Amino acid sequence: MLGWRFQGSIPGHMQKAVVIAAPHTSNWDLPYSLMAAFGLGLQLHWLGKASLFGFPFKGLMRWLGGIGVDRSRPGQLVSAAVNCFENTQRPLFLMIPPEGTRSKVREWKTGFYYIAQGAQVPIILAYMDHEKKEAGVGPCLDVTGDVDVDMATVKAFYAPIQGFRPNQFDAS
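Because the structure is a prediction, the values reported are computed rather than measured.

Rules used throughout
Residues take numbers from 1 onward in each chain, read along the sequence in its written order. Local features in a predicted model are, by the rule used here, given only for residues with pLDDT of at least 70; side-chain atom pairs are given and counted only at 80 or more, and totals for whole chains, interfaces and linings are based on all residues. Note that water and hydrogens are dropped before the side-chain values are worked out from all heavy atoms of the structure. Helix and strand definitions here come from DSSP, where helices need a minimum of 4 consecutive H or I residues and strands a minimum of 2 consecutive E residues; each element is numbered from the N-terminal end. Contacts described as polar in this section are N or O atom pairs within 3.5 Å, which, within protein, must combine one atom able to donate a hydrogen with one able to accept it, while residues neighboring in sequence count only if both atoms come from side chains. The pairing criterion is simple: DSSP has to find at least two bridges between the two strands. All axes are obtained by fitting lines to C-alpha atoms, using only the stretch in contact for helices, and the reported angles, taken between N-to-C directions, cover 0 to 180 degrees. Confidence of the predictor in every single residue is expressed as pLDDT, which spans 0 to 100. One side-chain nitrogen of Lys or Arg within 4 Å of one carboxyl oxygen of Asp or Glu is enough to make a salt bridge. Buried means the residue's accessible area, taken with a 1.4 Å probe over protein chains only, is under 20% of the maximum for its type, while exposed means over 50%, and partly exposed covers the values in between. Nonpolar core, defined: a set of buried Ala, Val, Leu, Ile, Met, Phe, Trp, Tyr and Cys residues in which side-chain atoms within 4.5 Å join the residues together. In this analysis, two residues are considered to be in contact whenever any of their non-hydrogen atoms come within 4.5 Å of each other. Here the aromatic set is Phe, Tyr and Trp, taking the six-membered ring for Trp, and pairing holds for ring centres within 6.5 Å; pairs whose planes are under 30 degrees apart are stacked, those over 60 apart are edge-to-face, and all others are tilted. The span expected for a helix works out to 1.5 Å for each residue beyond the first. What the arc measures is the spread of directions leading from the helix axis to the C-beta atoms.

### What about the side chain of Thr-88?
Then step 1. With respect to the secondary-structure elements, Thr-88 resides in the loop between helix H3 (77-86) and strand S5 (92-96).
Then step 2. A polar contact is formed between the side chain of Thr-88 and the backbone nitrogen of Arg-90, at a distance of 3.2 Å.

Written out as structure tokens, the structure reads:
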């Protein structure tokens, strides 16, 4: 699709996971991520700001797997996402950008980590490298409870990957 290659897959036995979607540097990342998920045979759900779910796009966004969130109340996001994992018997792969925004940030958000920890699910390191036109599924990470060590592992994986706007992405 559009010249992109797809690499990797989610282990067949895995039914639930938090999927990191990085780098997140452009509004184009969502459509490209959904294209990559389709190419990899994944059915993803994703968190998006509530304003994306207004008229006339609400139905389309939900059909595409979107879940609207109120970003003015971030403290409740983790517990709400954990409840989603706990209250479904169906497969659930929840895609979350660790930067939390398209703008350049020095510190990544850790909500995805605490969602995985609270729901007792692994984190899948998914990526889109715009320089190589490659999207894929990298390693799966079982959280250890040591957020600093685990975040260092995550950032090391993403360090060489180029976003749509490379100057907006910092995995150091």
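### A look at the sheet that holds strand S3 (residues 45-49)
Then step 1. Ordered in space as S1-S7-S6-S2-S5-S3-S4, the seven strands form an open sheet in which the pairing is mixed. Each of the sheet's edge strands pairs with one partner strand only, and the pair in question is strand S1 (5-7) and strand S4 (66-69). On average, each strand axis in the sheet is tilted by 25° relative to the strand beside it, whichever way the strands run.
Then step 2. Across four bridges, the pairing between S3 and S4 is parallel. Following the sheet pairing, Trp-46 is matched in S4 by Gly-66.

### Details of the confidence of the model for the protein chain
Then step 1. Scored by pLDDT, the protein chain comes out at a mean of 83, with 88% of its residues at no less than 70.
Then step 2. Considering each helix and strand of the protein chain separately, the mean pLDDT is smallest for helix H1 (residues 29-39), with a value of 79, and largest for helix H4 (residues 111-119), with 93.

### Here we look at the pattern of salt bridges
Then step 1. As enumerated under the stated definition, the model contains one salt bridge in all.
Then step 2. Among the ionic pairs, Arg-5 bridges to Glu-134, the shortest N-O distance being 2.7 Å. With Arg-5 in strand S1 and Glu-134 in strand S7 (residues 134-141), this residue pair connects regions lying 129 residues apart in the sequence.
Then step 3. For Arg-5, a relative accessible area of 42% puts it in the partly exposed group.

### Considering the nonpolar core
Then step 1. In terms of nonpolar packing, the biggest core is built from 27 residues, with Val-18, Ile-20, Phe-85, Phe-112, Ile-123 and Tyr-158 touching the most fellow members.
Then step 2. The set of elements that each furnish at least two residues to this core consists of strand S2 (16-22), H3, S5, H4, strand S6 (123-129) and helix H5 (147-158).
Then step 3. The element best represented in this core is H4, accounting for five residues.
Then step 4. Setting aside its immediate chain neighbours within four residues, Ile-20 contacts Ile-96, Pro-98, Phe-112, Ile-123, Ile-124, Leu-125, Ala-126, Val-154 and Tyr-158.
Then step 5. By size, the runner-up hydrophobic cluster in this structure holds 17 residues, among which are Ala-17, Ala-37, Leu-44 and Met-61.

### Here's the deal with the packing of aromatic side chains
Then step 1. On inspection of all chains with the given rule, the structure shows four aromatic pairs.
Then step 2. Measuring from centroid to centroid gives 5.5 Å for Tyr-113 and Tyr-114, while their planes differ by 85°, and the two rings are edge-to-face.
Then step 3. On the accessibility criterion, Tyr-114 (34% relative accessible area) is partly exposed.
Then step 4. Ring geometry for Phe-157 against Tyr-158: centres 5.0 Å apart, planes inclined by 85°, an arrangement best described as edge-to-face.
Then step 5. The class of Tyr-158 is buried, set by a relative accessible area of 0%.

### Some points on H5
Then step 1. Look at H5: 16 Å from first C-alpha to last across twelve residues, which is about the 16 Å you get at 1.5 Å a residue.
Then step 2. Within H5, the full set of buried residues consists of Val-147, Asp-150, Met-151, Val-154, Lys-155 and Tyr-158. Seen along its axis, H5 keeps its buried residues to an arc of 135°; they face one direction. Exposed positions of H5 whose direction lies more than 90 degrees from the buried face are Asp-148 and Ala-156.
Then step 3. In this structure, the buried residues of H5 make contact with S2, H4, S6 and S7.

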